[in-house]
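# Secondary and tertiary structure notes
Given next are the chains, with one letter for each unit.
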Amino acid sequence: MPSETLTPRDEARPGSGPAESPTTRPADEVSTPREVSAVVGHAKDVGDIEAGLDALQTSVAPSASRWSKVFQAVYPPVLAIAILLAVWQVLVWLEVQPIYNLPGPTQVWEAVTRAAASGTLWQALGTSLSRGVLGFLAAVAIGTPLGILVARVRWVRVSFGPIITGLQVLPSVAWVPAGIIWFGLSDATVYFVILMGAVPSIINGIVSGVDQVPPLYRRVGQVLGAGRFQMIKDVILPAAFPGYLAGLKQGWAFSWRSLMAAEIIAVGGGIGFGLGAFLQQGRELSDMALVFTAILLILVVGMVIELLFFAPVEKTMLRRRGLAPETSTSKGPGWLRRRELASAALGR
């Protein structure tokens, strides 16, 4: 670019200091279009170099087809399951336990098909799944406002915080005898045990999330005129969502385990037939294949809930907060532009 001579208006004044360059003079003193163009061009070059340096630190994922992404997501768990099945079968072949105590994958699969054909499997699965979901939703409805109250009101937190933590540590199975005495052999006993197991975890999750909210967020909300309810709804809860989500995940785990404990101990009456009763039935019949079937069903339900609900929500949260890894899958114009900026920053 050929050099140009810019003659400021005050250059010819006697006694005046050295002329200021267009890039260092205040904006209101830059008067000619050429000076404006020089300033803008210089700022643009600096901005491009900075963007190029940033592009050097940005990892761009290689292009991958849709089927390739599906394969990469599916094959690790499938491989893990295959390894576990192989180890299981090897233990059966080594006769670590008699076959009636340690059935192989084939015997367990036959028990699964028999239970599915008779309808017992679907009855137990539907009963436990409906109880677990309803109990967890009730725990969320109760634990969320209580968690906000404990987190925001100091005297409530000081008074009841240790008790809530103690309830979280207390095994849920300890509530089953009390629930049977109070509510009898009914669904109320099951839901009572679920609530006592899940609500403390949800409360502590919210409290932990609120404690991690930066004070600056609250100050910004106050400056913008947010009231107490708006502060909680629009500032504190969104910022505390990671801790809240962790509490929800732990609350679901406690809900599911509490449900199984209640169904195993409280059998008969009007409780119905769930996975816990299915497991207890296998124990009473000394049918280890049936016991393994119930255990696998309990495990699969927990994994499916995690993969279908909590994992997508957590992934979306991390992406919105800029904490997820790069997910770019194509070298389009944006990639070419970043490459050009990186080359410019290196002077190539």
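Throughout this document, residue positions are counted from 1 along each chain, in the order its sequence is written. Where local features are concerned, this predicted model is filtered to residues with pLDDT of at least 70; where side-chain atom pairs are given and counted, the filter is 80 or more; whole-chain, interface and lining totals use all residues. The basis for every side-chain value is the complete set of heavy atoms in the structure, and neither hydrogens nor water enter the calculation.

Under an unreviewed UniProt entry, the chain has the name ABC transporter permease and belongs to Oerskovia merdavium. UniProt positions are given in the numbering used here, feature names are shortened, and annotations may be inferred rather than shown by experiment. On record in UniProt, under Sequence similarities (unreviewed entry), the comment for the chain is "Belongs to the binding-protein-dependent transport system permease family." You can read under Subcellular location (unreviewed entry) in the UniProt record for the chain the words "Cell membrane".

## Some remarks on helix H9 (residues 228-239)
A helix here means a DSSP run of H or I that spans at least four residues, while a strand means a run of E at least two residues long, and both kinds are numbered starting from the N terminus. Helix span is expected to be 1.5 Å times the residue number reduced by one. Over its twelve residues, H9 extends 15 Å from the first C-alpha to the last, a length consistent with the 16 Å expected when each residue adds 1.5 Å. Burial status follows relative accessibility: with a 1.4 Å probe on protein chains alone, a residue under 20% of its type maximum counts as buried, one over 50% as exposed, and anything between as partly exposed. Taken together, the buried positions of H9 are occupied by Met231, Ile232, Val235, Ile236 and Ala239. Seen along its axis, H9 keeps its buried residues to an arc of 130°; they face one direction. Where H9 is buried, its residues touch helix H4 (120-152), helix H7 (187-211), helix H8 (215-223) and helix H10 (241-265). By arc we mean the arc of the directions from the helix axis to the C-beta atoms, nothing more. Contacts are assigned to residue pairs with any non-hydrogen atoms lying within 4.5 Å of each other.

## Let's talk about the layout of surface pockets
With a 1 Å grid spanning the protein atoms alone, the term cavity applies to any set of points in which a 1.4 Å probe fits but cannot get out, the term pocket to an open set with protein on both sides within 12 Å along at least five of seven lines, and the term lining residue to any residue with an atom within 4 Å of a point. Grid points are joined across faces, edges and corners, and a volume is the space filled by probe spheres set on the points. The computed volume of the largest pocket comes to approximately 710 Å³. Around the largest pocket, the lining comprises 21 residues; the ones closest to its centre are Ile81, Leu85, Leu296, Leu299 and Val300. Among the secondary structure elements, those contributing two or more residues to the lining of the largest pocket are helix H2 (66-93), helix H3 (105-118), H4 and helix H12 (288-320). The greatest single-element share of the lining of the largest pocket, amounting to nine residues, is contributed by H12.

## Focus: a nonpolar patch on the surface
A patch consists of residues exposed above 30% relative accessible area that lack any salt bridge, with like charges linked at up to 9 Å and nonpolar side chains (Val, Leu, Ile, Met, Phe, Trp, Tyr) linked at up to 5 Å. Only the protein chains shown count as covering a residue, and every accessible area follows the Shrake-Rupley method with a 1.4 Å probe. Basic side-chain nitrogens of Lys or Arg form a salt bridge, by our definition, when they fall within 4 Å of a carboxyl oxygen of Asp or Glu. A contiguous nonpolar surface patch, about 900 Å² in accessible area, is contributed by Tyr75, Leu79, Ile83, Val87, Val90, Leu91, Trp93, Leu94 and Val96. With respect to the helices and strands, isoleucine 83 occurs in helix H2. The class for isoleucine 83 is partly exposed, based on a relative accessible area of 47%.

## Here we look at the nonpolar core
Side-chain atoms within 4.5 Å are what join buried Ala, Val, Leu, Ile, Met, Phe, Trp, Tyr and Cys residues into a set we call a nonpolar core. Among the nonpolar cores identified, the biggest contains 55 residues, and Ile202, Leu248, Trp256, Leu275 and Phe278 are the most heavily contacted of them. For this core, the elements supplying multiple residues, two or more each, are H4, helix H5 (154-169), helix H6 (175-183), H7, H9, H10, helix H11 (275-284) and H12. Looking at which element gives the most residues to this core, the answer is H7, with eleven residues. The residues touching tryptophan 256, leaving out its near neighbours within four places in the chain, are Ser128, Leu129, Leu275, Ile298, Val301 and Gly302. Counting five residues, the second largest nonpolar core, distinct from the first, contains Trp88, Val92, Leu102 and Val108.

## Observations concerning the pattern of salt bridges
Counted under the stated rule, the structure contains five salt bridges. A salt bridge links arginine 131 to aspartate 187; the shortest N-O distance between them is 2.9 Å. Placement of arginine 131 in helix H4 and of aspartate 187 in helix H7 is noted, with a sequence separation of 56 residues between them. The closest approach of N and O atoms between glutamate 314 and lysine 249, which form a salt bridge, is 3.3 Å. Taken together, the residues glutamate 314 in helix H12 and lysine 249 in helix H10 connect sequence positions 65 residues apart. Here the salt bridges do not stand alone but share partners, grouping Arg131, Asp187 and Glu263 into one network.

## Looking at unusual backbone geometry
Most peptide bonds are trans, and most residues other than glycine sit at a negative phi. In the Ramachandran plot, glutamate 95 falls in the positive-phi region, its phi being about 55° despite a non-glycine side chain. Along the chain, the position of glutamate 95 falls in the loop between H2 and H3. On the basis of relative accessibility, which here comes to 65%, the residue glutamate 95 falls in the exposed class. The phi torsion at serine 286 lies on the positive side, around 55°, for a residue other than glycine.

## Comments concerning the environment of phenylalanine 309
Take phenylalanine 309: it is sitting in helix H12. It is 9.9 Å that separates the C-alpha atoms of phenylalanine 309 and lysine 249, two residues lying 60 residues apart in sequence.

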